[in-house]
Amino acid sequence: MRNVLISGAGVAGGTLAWFLALDGWTVTVVERAAGPRTGGQAVDVRGVALDVVDRMGLGERLRAKRTRMRGMSVVDGAGQELYRSEEFTHSSGRLDSADFELLRDDAVAILHEATADRVEYVFGDSVTALTEDAHGVRVEFEHGGFRTFDLVVGADGPHSAVRRLAFGPEERFSTHLGQYLAIFPAPNFLGLEDWQLWVRHEETGGAVYPVRDNTELRVTLGFGSAPLPPMSVPEQKRLVAEQLAGVGWEMPKLLAAMAEAEVFYFDAMAQIHLDRWSAGRVVLVGDAGYCASALSGQGTSLALAGAYVLAQELGRAGHEEAFAAYERRMRPFVALNQALATENPTGGPSEESLARAKNALTLG
């Protein structure tokens, strides 16, 4: 019986688990968090990724959770409206598109529910060592013990532990894009109804949009910076507050909400570039192998497509041939989508570039 360990229960890990379990693999997913992760921003399912979720039979469930924005406004630090649109939003693109946007935690929850009866999930643990021999990979875990698997997949994000263990330290592969983002939920004290607000002030700014039937806000705040040293969550919150203190508008209320937020994400905008995505019986998928950053708007679609292609190739050949075919098919698609993040970091990629990138892959 073929058995595989997937590190990371996010979109890439959950999707790969679904397809491999369907193909008869014994699948174990290990996730550092205590359960399916909550929080995070709205993410997009675009282009070929729409076909992936439909082939899983999850398209209807995912679309039912889509955000339903009527449009957006861009304001300055004084709250003066600079621009508005009822045709598109910066986060999701054109509102009349077949593409759709949903909260990352909704996507993760649906993938977990769809696989929980066929996949072993181990929450609250992580991989600490990998030792490969001719027959498999011995995996050691943070909370003790070891197990042996035929294959190990790193689907554990841009700071992947599997990548570090199998390929080397993160700094060899990470390219800083000059920005940091903080994301957190808050009560809808702005009274927004299916409408996004974006604020820009010098090199800082952010976005606020309502979710959960307008009962909650998801807030994204950002600022430009060179790479920063590791910080605790309280230190991260203090830094964000310092960087955005002079913005004006509703920022004091947003920063006060951030101080109280129990769910909080903070990270650099960075991309991951490797010469190879596999080493022996270990392979990377999604952000672990080719993070494009939130600035591309394509991270979730890359995760969905990459997981599908990897599973498809593993169903056709042994792991060496499968990994090589996976890279051949995915690399042009990844390159186009990573380029979106640097095309126009403040305003997002052009419609023409996005259209080319999101469909530059044949699923077969």
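What you are looking at is a predicted structure, and each value in this text was computed from that prediction instead of being measured.

Draft legend 1. Summary view of the overall build of the chain. The helix and strand inventory of the chain stands at eleven helices and 20 strands. Its C-alpha atoms give the chain a radius of gyration of 20 Å, within 12% of the compact-globule value 21 Å for 364 residues. If one aligns the C-alpha atoms of the chain with their principal axes, the spans along those axes are about 65 × 40 × 35 Å. Within the chain, counting contacts between residues at least 6 apart in sequence, those at least 24 apart form 69% of the total. In the chain, the 34 positive side-chain charges and the 48 negative ones have mean positions that sit 3 Å from each other.

Draft legend 2. Structural view of the pairing of strand S5 (residues 81-85). As defined by bridge partners, strand S4 (residues 71-76) adjoins S5 across four bridges and the pair is classed as antiparallel. The partner of Val74 across the bridge, within S5, is Tyr83. Taken together, S4 and the strand that follows it, S5, pair antiparallel across an intervening segment of four residues, in which Gly79 is found at a positive phi of about 85 degrees.

Draft legend 3. Region of the structure containing the pairing of strand S13 (residues 151-154). Of the two faces of S13, the one lined by Leu151 and Val153 and the one lined by Val152 and Gly154 are each fully buried. Taken together, the four bridges between strand S1 (residues 3-7) and S13 define a ladder with parallel strand orientation. Residue Ser7 lies in a different strand from S13, and its bridge partner there is Gly154. Strand direction decides the pairing type here: S13 and strand S20 (residues 282-284), joined by three bridges, are parallel. Among the inter-strand pairings, Val152 is bridged to a residue of S20, identified as Val282.

Draft legend 4. Region of the structure containing helix H7 (residues 251-260). Met251, Leu254, Leu255, Ala257 and Met258 are the residues of H7 that are buried. Mapping the buried residues of H7 onto a view down its axis gives an arc of 160 degrees, with all of them on the same face. Turned more than 90 degrees away from the buried face of H7, the exposed residues are Pro252 and Glu260. On its buried face, H7 sits against strand S14 (174-187), strand S15 (195-201), strand S16 (204-211), strand S17 (216-224) and helix H6 (233-244).

Cut-off values and rules
Residues numbered from 1 in each chain as written. Predicted model: local features only at pLDDT ≥ 70, side-chain atom pairs only at ≥ 80, totals over all residues. Heavy atoms only, no water. Helix = DSSP H or I, 4+ residues; strand = E, 2+ residues; numbered from the N terminus. Rg over C-alpha atoms; globule rule 2.2 N^0.38 Å. Contact = heavy atoms within 4.5 Å. Lys, Arg positive; Asp, Glu negative; His and termini not counted. Charge placed at Lys NZ, Arg CZ, Asp CG, Glu CD. Pairing = 2+ DSSP bridges. Buried < 20%, exposed > 50% of the residue type's maximum accessible area, 1.4 Å probe, protein only. Arc of directions from axis to C-beta.

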